[in-house]
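Each chain is listed here by its residues.
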Amino acid sequence: MNVLSWCLVQSRWLTAPVRSIPGVSRRLRYSPHRHNVLGSLVVFFAFGYLYLDAQPTTAGTDPLSKNGGEVLADVEKEFGGPTADNGSEGKPQAAVAASDTPKLTGKEALLECDRMLGEAEAKLEKIPAYTATFVKQERIGDVLTELQVIQLRLAHQPKRVSMKWEGGTDAGQRVVFAEGENDGDMLVKKLTGIEARIGIISLNPSGAMAMKHSRHPVTKAGLLELTRINRQYRQADLKHETGVSAKLLDHQKLNGRDCLCLVVEYSKPEFAPDEKKDYRKSLVYFDSQTKLPICVRCYGWPDRIADADPKKLDQSTLLELYAYKNIDFDAQVQNDDFSRARLQ
């Protein structure tokens, strides 16, 4: 009985604010100051909305690129969207002509690709730092992101990465990562959304929050990691006697540059080299002049992708596009490029 009485008393205390609302409303209705109170509430909520919705720009930070939309449009022309019709006159430059006569096929193509990747890895390991324009598009869950154009600054030993997004919904976003600093976290500064109000965000590069927006952690960014991963995949391909087909095509055009292109296809998921067995087909482009891999496209299995279209199989099953352009191995890259102050 005592417990029941106590509960009743507590329930009155908890519901008192709710029960008092009609009284407050009644007093406000007959108050000579009601207009001032209502006006104050309107101003309060208006400022609250502006605070959450308006996007801040800190004094001294770089303004958003005025030609961000043009940059994105140019990239779409250069690399082609996954929904483009490869049979149309507007064929993406990144498309591979199916009728091209292969330079090499089968294991010979894979061995040649492995050799080129090995030479590229040795070359890149000797380069201390560089800048480039990084282009990526990924399927996160069931959603294919828009093409992203990122200004990249990267240094090796220790690894340091600086990224700034150009154009698109993430325009102005910055990310820096410096191996051995910031407790191993990457630092993120957004210019849009509620996150912009938080300021600089520290995230575990491989944590759930960071991987919510990317298929690979920032620690895997850069030409060297792209080369190493693809070399591992090609060596895995070479172990199979069946289930893997490959061909090496020359004189393929990508971003106006002459390239060699390796095309690898898998008959079943069990033959795919990636950990999740997601890859159905992979394209690797090598710049004919530098001999470096500058673009990779990977496609998935149609039964795993909700909106896959058998008539446009590759276009509707793109999983990953990673490309590098405007690569400058002589660029001046400073330690300050990877500091927290860079995000302020």
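One numbering rule holds for all chains: residues counted from 1, following each sequence as written. Whole-chain, interface and lining totals are the exception, using all residues; otherwise, since this is a predicted model, local features are given only for residues with pLDDT of at least 70 and side-chain atom pairs are given and counted only at 80 or more. Neither water nor hydrogens contribute to the side-chain values; these are computed over all heavy atoms in the structure.

### Details of the pairing of strand β7 (residues 186–189)
Next, step 1: Neither face of β7 is exposed, since M186 and V188 on one face and L187 and K189 on the opposite face are all buried.
Next, step 2: As paired strands, strand β6 (residues 174–178) and β7 are joined by four bridges and run antiparallel to one another. Looking at the pairing, F177 lines up with M186 of β7.
Next, step 3: Should DSSP find at least two bridges between two strands, the strands are regarded as paired. Each helix is a run of DSSP H or I of at least 4 residues and each strand a run of E of at least 2, with the numbering of both proceeding from the N terminus. Two strands pair when backbone bridges link them, and β7 and strand β8 (residues 200–203) are joined in this way by four bridges, in the antiparallel orientation. Across the sheet, residue K189 finds its bridge partner in β8, namely I200. With a 1.4 Å probe rolled over the protein chains alone, any residue whose accessible area is under 20% of its type maximum counts as buried; one over 50% counts as exposed, and the rest are partly exposed.

### Considerations on the nonpolar core
One broad rule of soluble globular proteins: the nonpolar side chains tend to lie buried together.
Next, step 1: Put simply, buried Ala, Val, Leu, Ile, Met, Phe, Trp, Tyr and Cys residues joined by side-chain atoms within 4.5 Å make one nonpolar core. Ranked by size, the top nonpolar core spans 50 residues in total, and within it L152, M163, M186 and L262 carry the most contacts.
Next, step 2: Of the residues forming this core, the biggest block, seven residues, is contributed by helix α5 (residues 106–125).
Next, step 3: Each residue touching M186, except ones within four places of it in the same chain, is listed here: V175, V176, F177, I201, S202, L203, P205, A210 and V218.
Next, step 4: Y285, I294, C295 and L318 belong to the second largest nonpolar core, which has 16 residues in total. Contacts were defined at the residue level, with two residues in contact if any of their heavy atoms lie within 4.5 Å.

### Some details on the pattern of salt bridges
Next, step 1: For this document, the term salt bridge refers to a Lys or Arg side-chain nitrogen within 4 Å of an Asp or Glu carboxyl oxygen. In the structure shown here, the tally under the stated rule is 20 salt bridges.
Next, step 2: For D114, the salt bridge goes to R231, with nearest N and O atoms at 3.3 Å. Residue D114 is found in helix α5, and its partner R231 is found in helix α8 (residues 223–238); the two are separated by 117 residues along the sequence.
Next, step 3: Residue classification places R231 among the partly exposed residues on the basis of a relative accessible area of 27%.
Next, step 4: Two residues, R153 and D337, come together in a salt bridge whose shortest N-O distance is 3.0 Å. Here R153 is found in strand β4 (residues 148–155), whereas its partner D337 is found in the segment after β13 (318–328), with 184 residues between them in sequence.
Next, step 5: Judged by relative accessible area, R153 falls into the partly exposed class, the value being 24%.
Next, step 6: The structure contains a network of salt bridges with shared partners spanning D114, E121, E125, K220, E225, R228 and R231.

### Digging into unusual backbone geometry
Next, step 1: That bond from Q157 to P158 is cis: its omega, -5°, falls within 30 degrees of zero.
Next, step 2: As for its placement among the helices and strands, P158 is situated in the loop between β4 and β5 (160–166).
Next, step 3: Of note in the backbone geometry, D183 takes a positive phi value of approximately 60° without being a glycine.
Next, step 4: Structurally, D183 is set in the loop between β6 and β7.
Next, step 5: For K277, which is not glycine, the phi torsion reads 55° and is therefore positive.
Next, step 6: In this fold, K277 is placed in the loop between β10 (257–266) and β11 (281–287).
Next, step 7: Classification of K277 by relative accessible area gives partly exposed; the value is 30%.

### Considering α8
Next, step 1: What a helix should span is 1.5 Å times the count of its residues minus one. Counted at 1.5 Å a residue, the expected span for α8 with its 16 residues is 22 Å, and the 22 Å between its end C-alpha atoms agrees.
Next, step 2: Residues L223, L224, E225, L226, T227, N230, Y233, R234, D237 and L238 constitute the buried set of α8.

### A closer look at the packing of α5 against α8
Next, step 1: Note on definitions: angles span 0 to 180 degrees between N-to-C directions of axes, and those axes are lines fitted to C-alpha atoms, for helices only across the stretch in contact. It is at 9 Å that the axes of α5 and α8 come closest, and there the two elements cross at 155°. Classed by the angle they form, the pair α5 and α8 counts as roughly antiparallel. Between α5 and α8 lies a crossing whose hand is left-handed. Here K107, L110, L111, C113, D114, L117, G118, A120, E121, L124 and E125 of α5 lie close against α8, whose contacting residues are L223, L224, T227, R228, N230, R231, R234, Q235, D237 and L238.
Next, step 2: All amino acids are sorted into three groups, where Ala, Val, Leu, Ile, Met, Phe, Trp, Tyr, Cys and Pro are nonpolar, Asp, Glu, Lys and Arg are charged, and the leftover types, Gly among them, are polar. Its residues placed into classes, the contact of α5 with α8 shows nine nonpolar, four polar and eight charged. Roughly parallel means an angle under 35 degrees; roughly antiparallel, over 145; roughly perpendicular, 65 to 115; everything else is oblique. Left-handed describes a crossing in which the near helix is turned anticlockwise from the far one by less than a right angle; the clockwise case is right-handed.

### Observations concerning the environment of L262
Next, step 1: Tracing the backbone shows L262 in strand β10.
Next, step 2: Overall, L262 belongs to the buried group, its relative accessible area being 0%.
Next, step 3: Distance in space between the C-alpha atoms of L262 and K247 is 5.8 Å, their sequence separation being 15 residues.
Next, step 4: For L262, the contacting residues outside a window of four places in its chain are A109, L110, C113, R234, A246, K247, L248, S282, L283 and V284.

### Re the pairing of β10
Next, step 1: Within β10, seven of the 10 residues are buried, which leaves it mostly tucked inside the rest of the structure.
Next, step 2: Direction of pairing for β10 relative to β11: antiparallel, over a ladder of seven bridges. Along β11, the bridge assignment pairs L262 with V284.

### A look at the packing of aromatic side chains
Next, step 1: Only rings of Phe, Tyr and Trp enter the pairing, Trp through its six-membered ring, and a pair is recorded when the two centres are within 6.5 Å. The plane angle decides the type: under 30 degrees is stacked, over 60 is edge-to-face, the rest tilted. Here the structure, examined in full by the defined rule, presents four aromatic pairs.
Next, step 2: For the pair Y130 and F329, a centre-to-centre distance of 5.6 Å together with 75° between the ring planes defines the contact as edge-to-face. Taken together, the residues span a long stretch of sequence, with Y130 in strand β2 (residues 129–140) and F329 in the segment after β13 at a distance of 199 residues.
Next, step 3: By relative accessible area, Y130 is classed as buried at 0%.
Next, step 4: We classify F329 as partly exposed; its relative accessible area is 26%.
Next, step 5: Relative to Y322, the ring of F134 has its centre 6.3 Å away and its plane inclined at 20°; by these criteria the two rings are stacked. One end of the pair, F134, is in strand β2; the other, Y322, is in strand β13, with 188 residues separating them in the sequence.
Next, step 6: Here the aromatic cluster, defined as three or more aromatic residues joined through ring pairs, consists of F134, Y322 and Y324.
Next, step 7: Whether a charge sits over a ring comes down to the Lys NZ or Arg CZ being within 6 Å of the ring centre and within 35 degrees of the ring normal. Here K281 stacks its cationic end above the ring of Y299, 5.9 Å away from the centre of that ring.

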